[in-house]
Amino acid sequence: MEMNNIYRNSLAFAASISLLLALSACSPDSVPDNSGSSVAEDSQNSAQDGDNITAAFDIPDYPEGYPTEQNIIDAYKNAADAVGWFSITTAPPLDMDKSMDVDGITYYKVKSEQVDSLETLKMYLGTLFDADMADLLIDLNDENQRFIEGDDGLYCTSFAFEPSYYSDDETYAVTKVSDDEYNLAVSYQLLNDDGSVKADRTQNCTFKKINGRWVFYNFILYRQ
């Protein structure tokens with residue numbers, strides 16, 4: 001019953017996040033087509049390389065202060081995974097041998113030496129998103145308790161679901177909007193119940209330099 005409540009609360013919040021951010025997100029039509037270079041690549045989930053999230057915690061040191069196209073794509077994959085932790089479409093790397101039960105729910109220790117508390121979790125989110133988005137995700141955790149603190153670190157539930165109506169593959173196109181802003185177009189396919197392609201879709205994300213840090217602004221994750 002508790003897990004069902006977590007599932008329902010997370011789905012409802014995921015929908016509200018998408019709606020809220022969609023209202024303030026930049027329109028794709030506002031991004032110049034020829035203002036910078038672009039790249040398209042097959043989707044690979046790199047956020048969990050090395051079976052932990054420590055490597056992604058540090059603020060990236062971009063050459064000459066600017067991210068490369070691959071930097072932006074990698075940041076998107078990490079950001080998409082992080083949003084999924086709260087909307088229960090993904091789970092962070094967990095140590096399944098270390099668990100604790102709280103209110104009938106089993107939590108497993110997060111595999112990270114640096115992300116070991118709710119405070120450092122919020123710091124990690126701050127390396128990926130603007131402050132408003134990071135606050136939204138932490139507020140969601142206050143509601144559904146996906147993450148809790150243990151005596152020896154941060155713990156998380158292992159439950160996650162994968163929407164079946166999206167293709168596994170994504171392609172990416174990065175366009176420079178200004179010296180302090182890039183647009184990332186993420187293309188994917190909607191699927192029918194039998195797995196056939198229903199439609200092609202593209203979601204745009206803004207990667208922006210805010211207070212000296214490159215983060216996603218008005219981030220929207222379509223896989224909800």
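Residues numbered from 1 in each chain as written. Predicted model: local features only at pLDDT ≥ 70, side-chain atom pairs only at ≥ 80, totals over all residues. Heavy atoms only, no water.

**Some remarks on the packing of helix 3 (residues 118-126) against helix 4 (residues 131-144)**
So, point 1. Two elements in contact, helix 3 and helix 4, have axes whose closest approach is 9 Å; the angle formed by their N-to-C orientations is 145°. Handedness of the crossing formed by helix 3 with helix 4: right-handed. Here helix 3 contributes Leu118, Leu121, Lys122, Leu125 and Gly126 to the contact with helix 4, which in turn contributes Ala134, Asp135, Leu137, Ile138 and Asn141.
So, point 2. Taken together, the residues of the contact of helix 3 with helix 4 break down into six nonpolar, two polar and two charged. (Axes fitted to C-alpha atoms, helices over the stretch in contact; angles between N-to-C directions. Helix = DSSP H or I, 4+ residues; strand = E, 2+ residues; numbered from the N terminus. Left-handed = near helix turned anticlockwise from the far one by under 90°. Contact = heavy atoms within 4.5 Å. Nonpolar A, V, L, I, M, F, W, Y, C, P; charged D, E, K, R; others polar.)

**Examining the packing of helix 2 (residues 69-87) against helix 4**
So, point 1. Where helix 2 meets helix 4, the closest approach of the two axes is 9 Å, and the angle between their N-to-C directions is 25°. On the basis of their axis angle, the class for helix 2 and helix 4 is roughly parallel. Along this stretch, helix 2 crosses helix 4, giving a crossing that reads as left-handed. Along its contact with helix 2, which presents Val83, Phe86 and Ser87, the element helix 4 presents Met133, Leu137, Leu140, Asn141 and Asn144.
So, point 2. Its residues assigned to classes, the contact of helix 2 with helix 4 shows five nonpolar, three polar and no charged. (Parallel < 35°, antiparallel > 145°, perpendicular 65-115°, else oblique.)

**Quick word on the packing of aromatic side chains**
So, point 1. With the rule as written, the count across this model stands at 14 aromatic pairs.
So, point 2. Ring plane angle 75° and centroid distance 6.4 Å describe the contact between Tyr76 and Phe216, whose orientation is recorded as edge-to-face. One end of the pair, Tyr76, is in helix 2; the other, Phe216, is in strand 8 (residues 213-217), with 140 residues separating them in the sequence.
So, point 3. Given the relative accessible area of 1%, Phe216 is considered buried. (Phe/Tyr/Trp six-rings, centres within 6.5 Å; stacked < 30°, edge-to-face > 60°. Buried < 20%, exposed > 50% of the residue type's maximum accessible area, 1.4 Å probe, protein only.)

**Some words on the sheet that holds strand 5 (residues 171-178)**
So, point 1. Strand order in this open sheet of four strands is 5-6-7-8, and the pairing throughout is antiparallel. For this open sheet the edge positions go to strand 5 and strand 8, each flanked by a neighbour on one side alone. Direction aside, the axes of adjacent strands within the sheet are offset by 25° on average.
So, point 2. Looking at chain direction, strand 6 (residues 181-191) and strand 7 (residues 197-210) are connected through eleven bridges and run antiparallel. Its bridge partner being in strand 7, Leu184 is matched across the sheet by Cys205.
So, point 3. Of the strands in this sheet, strand 5, strand 6, strand 7 and strand 8 are in contact with helix 2, which crosses strand 5 at around 115°. (Pairing = 2+ DSSP bridges.)

**Structural notes on the nonpolar core**
So, point 1. Tyr76, Phe129, Leu184, Phe216 and Phe219 are the most contacted members of the largest nonpolar core, which has 45 residues in total.
So, point 2. No other element matches helix 2, which puts ten residues into this core. (Core = buried A, V, L, I, M, F, W, Y, C linked by side-chain atoms within 4.5 Å.)

**Points about the pairing of strand 5**
So, point 1. Examined bridge by bridge, strand 5 and strand 6 share seven bridges and lie antiparallel to one another. Pairing of Ser178 across the sheet is with Glu181, part of strand 6.
So, point 2. Once strand 5 ends, the chain turns through two residues before running back antiparallel as strand 6.

**Some points on the sheet that holds strand 4 (residues 153-156)**
So, point 1. Here four strands make up an open sheet; going across it, the order is 1-2-4-3 and the pairing antiparallel. Each edge of the open sheet is held by one strand with a lone partner, namely strand 1 (94-102) and strand 3 (147-150). Between one strand axis and the next, the sheet turns by 40° as a mean value, whatever way the strands run.
So, point 2. Strands in contact with helix 3 are strand 3 and strand 4; relative to strand 3, the strand with the most contacts, it is inclined by about 135°.

**Here's the deal with the confidence of the model for the protein**
So, point 1. Confidence along the protein averages 76 in pLDDT terms, with 71% of residues attaining 70 or more.
So, point 2. Mean pLDDT across the elements of the protein bottoms out in helix 1 (residues 2-24) (43) and peaks in strand 5 (96).
So, point 3. Contacts of residues 1-52 to residues separated by more than four positions or lying in other chains number 89 contacts, the stretch itself having pLDDT below 50. (pLDDT = per-residue confidence, 0-100.)

**Focus: helix 4**
So, point 1. Spanning 14 residues, helix 4 covers 20 Å between terminal C-alpha atoms, matching the ideal 20 Å at 1.5 Å per step.
So, point 2. Buried within helix 4 are the following residues: Met133, Ala134, Leu136, Leu137, Ile138, Leu140, Asn141 and Asn144.
So, point 3. Gln145, located one to two residues past helix 4, shows a positive phi value of around 55°. (Expected span 1.5 Å × (residues − 1).)

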